[in-house]
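# Coordinate inspection notes
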Amino acid sequence: MALPPKTAPCWQKLASGGMKKLRTSNLGAQMLSQRMELSKLPPAQKADEIYSFFVKWERGLANEIAQLNSL
Amino acid sequence: MKSLNLTASDQGRINALLSIDDTIALIRAGAPLAIAGRPNALDQLPAGNWIAGTTPYFMTADGGRVIDDTQVFVTDFSGLGAVRVVTYDEHHLPQITEDAPENGFAMAIMPFQSRCHERFANEASTYPLAFLKPTVGWIAGFDLAEGAAAAAVYDGANAVRHADRVVVLHIELPAEQCPSIEIINIFEADGVETIRFEDTSFAPAHCLINGERVSFVDYVKRRGREDGQLPLVGDFSGARINASIRTVEGDKVQLYAPVFPGIDYAFAGIVPDYVGAFREAFAAHVQEPAIWSCNCILNFLFGELEGKVIGGCAGPVTFGEIAYQLVNQTLVQVRAV
């Protein structure tokens, strides 16, 4: 499954609590999820950070990307 | 000990104990190296493309070892991509991730109980690029039998020893590979009570147990956890990140890593067989070889790992491990996938 574009609503969902629902054993994704939960950044900025993470590590996040449209 | 065959080292990277002479030969041949050993051994090494930290404890392919100063442990990063040495002081730690290669990772060593250690532990997870340019590494230690010993790190580019700097190898990987940062934590929350903390601290005075604020030292004593064998296990969105008990003296508990507000902690349940637990964890992982790994001194001591083999991993036994941030009582490894 291809990575959704930056404008896709899934990134805002992930930034607004959706990261916690992601089933992942990727250590970086788990730690980023925790950082997002504790962060006081505006959701748009969080969404940017999450999107950048998925772009960077796309090759190793196939299982996580498959969940993006069902979160 | 057999002399090192440098031709062979070009074909398969070294990750093992070597004599001082063989290590010097590798350095002079220009190999990019991460080295660990006793200070008397590391002091003999010439300038080159290497970093090092002090510890006499190791996991090797033949089992856990405590070495003297005739050997050092060498991890050779030849054949991957560009590797460069950079040294940072406590005021420039976020720069580690800024400087890391776009495709690769930063391998950092910092001395136990230094300001760099404390600041990195408290702040690493907030660095802007922390999860885009990963940092792995370890906290340098010392021989626990030598009471007054101090940890040190070495900037191999200048063959200089530091008591409070972070030395880093920035390691680039080939375009078709990317780094996979993994931890093997044999501890799980015991499920008895959830513990929360109000501040980031290596020495929390209070904690919240089911919302009630209590003295942390009293809580540790009530749970019978003063011996430090069982860490606090933090739930970082499913990742189990430990903070280990270092000392319980008077009204103060000192930890080997800070606890953070907003994280659910619990004491770990008892692990009756460390070696079996590690072997089981390795068997459950995909086991393409790691290009680097380290394990914790507390696992080495409490698990009595000297002379025992766990999953074929080899590397320094450390006073703290780094996988994006500081972790405790955990095996950390990097694979190129």
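Procedures and definitions
Positions within a chain are numbered from 1, following the residues in the order the chain's sequence is written. Chain letters and ligand numbers both follow the written order, the letters beginning at A and the numbers at 1. Since the coordinates come from a predicted model, pLDDT governs what is reported: local features require at least 70, and pairs of side-chain atoms require 80 or more to be given and counted, while whole-chain, interface and lining totals use all residues. Secondary structure follows DSSP: runs of H or I at least 4 residues long count as helices, runs of E at least 2 residues long count as strands, and numbering of each begins at the N terminus. Each residue is classed by its C-beta neighbour count within 10 Å, where at least 20 other C-beta atoms makes it buried, 12 or fewer makes it exposed, and intermediate counts make it partly exposed; the C-beta atoms are placed from backbone geometry. For the purpose of contact definition, each residue receives a C-beta atom placed from its backbone, and two residues are in contact when these atoms lie within 7 Å. The predictor rates its confidence in each residue with pLDDT, a number between 0 and 100. Between any two strands, at least two bridges found by DSSP are needed for them to pair. Each axis is a line fitted through C-alpha atoms, and for a helix only the stretch in contact is used; angles between axes span 0 to 180 degrees, taken between their N-to-C directions. For this scheme, ten residues count as nonpolar: Ala, Val, Leu, Ile, Met, Phe, Trp, Tyr, Cys and Pro. Four count as charged, namely Asp, Glu, Lys and Arg, and the remainder, Gly too, count as polar. When buried Ala, Val, Leu, Ile, Met, Phe, Trp, Tyr and Cys residues are joined through C-beta atoms within 7 Å, the set is termed a nonpolar core. The domain limits used here are those given by an automatic or database domain assignment.

## Considerations on the overall build of chain B
The helix and strand inventory of chain B stands at eight helices and 26 strands. Principal-axis analysis of the C-alpha atoms places the extent of chain B at approximately 60 × 40 × 40 Å. Burial status across chain B gives 50% buried among its 337 residues. In chain B, the share of contacts with a sequence separation of at least 24, taken over all contacts with a separation of at least 6, comes to 74%.

## A closer look at the confidence of the model for chain B
Considering every residue of chain B, the mean pLDDT works out to 94; 96% of them sit at 70 or more. Throughout residues 5-11 of chain B the model reports pLDDT below 50, and contacts reaching past four residues in sequence, or to other chains, amount to seven contacts.

## Some words on the sheet that holds strand β23 (residues 315-318) of chain B
Residues and elements named next belong to chain B. In spatial order, the strands read β5-β4-β23-β22-β26-β13; together these six strands make up an open sheet with mixed pairing. Bordering the open sheet on either side are β5 (63-66) and β13 (179-184), each of which pairs with just one other strand. On average, each strand axis in the sheet is inclined to that of its neighbour by 25°, with strand direction left out of account. When β13 meets strand β26 (residues 331-336), the two strands line up antiparallel, connected through six bridges. Its bridge partner being in β26, glutamate 182 is matched across the sheet by glutamine 333.

## Concerning the environment of Pro94(B)
Residue and element names in this part refer to chain B. Following the sequence through the fold, proline 94 ends up in the loop between β7 (83-88) and α4 (95-99). A residue is classified by how many C-beta atoms lie within 10 Å of it, and proline 94, with 18 of them, is partly exposed. Sequence-wise, proline 94 and glutamine 229 are 135 residues apart; in three dimensions their C-alpha atoms are separated by 32 Å.

## Section: the interface of chain B and chain A
Counting from both sides, the interface comprises 17 residues of chain B and, opposite them, 15 residues of chain A. No other element matches β13(B), which puts four residues into the side of chain B that touches chain A. A breakdown of the residues in the side of chain B that touches chain A according to their chemical character gives 11 nonpolar, five polar and one charged.

## So, unusual backbone geometry
Of note in this structure, Ala159(B) is not a glycine but carries a positive phi near 50°. Tracing the sequence through the fold places Ala159(B) in the loop between β10 (153-155) and β11 (160-162).

## Quick look at the nonpolar core
Ile50(A), Ile35(B), Ile51(B), Met107(B), Val166(B) and Val168(B) are the most contacted members of the largest nonpolar core, which has 128 residues in total. For this core, the element with the highest residue contribution is strand β8 (residues 104-111) of chain B, accounting for six residues. Counting contributing residues, this core receives three or more from each of domain 1 (6-183 + 280-336) and domain 2 (195-267) of chain B. Setting aside anything within four residues of it in sequence, one finds Ile35(B) in contact with Thr23(B), Leu42(B), Trp50(B), Ala52(B), Val72(B), Phe73(B) and Val74(B).

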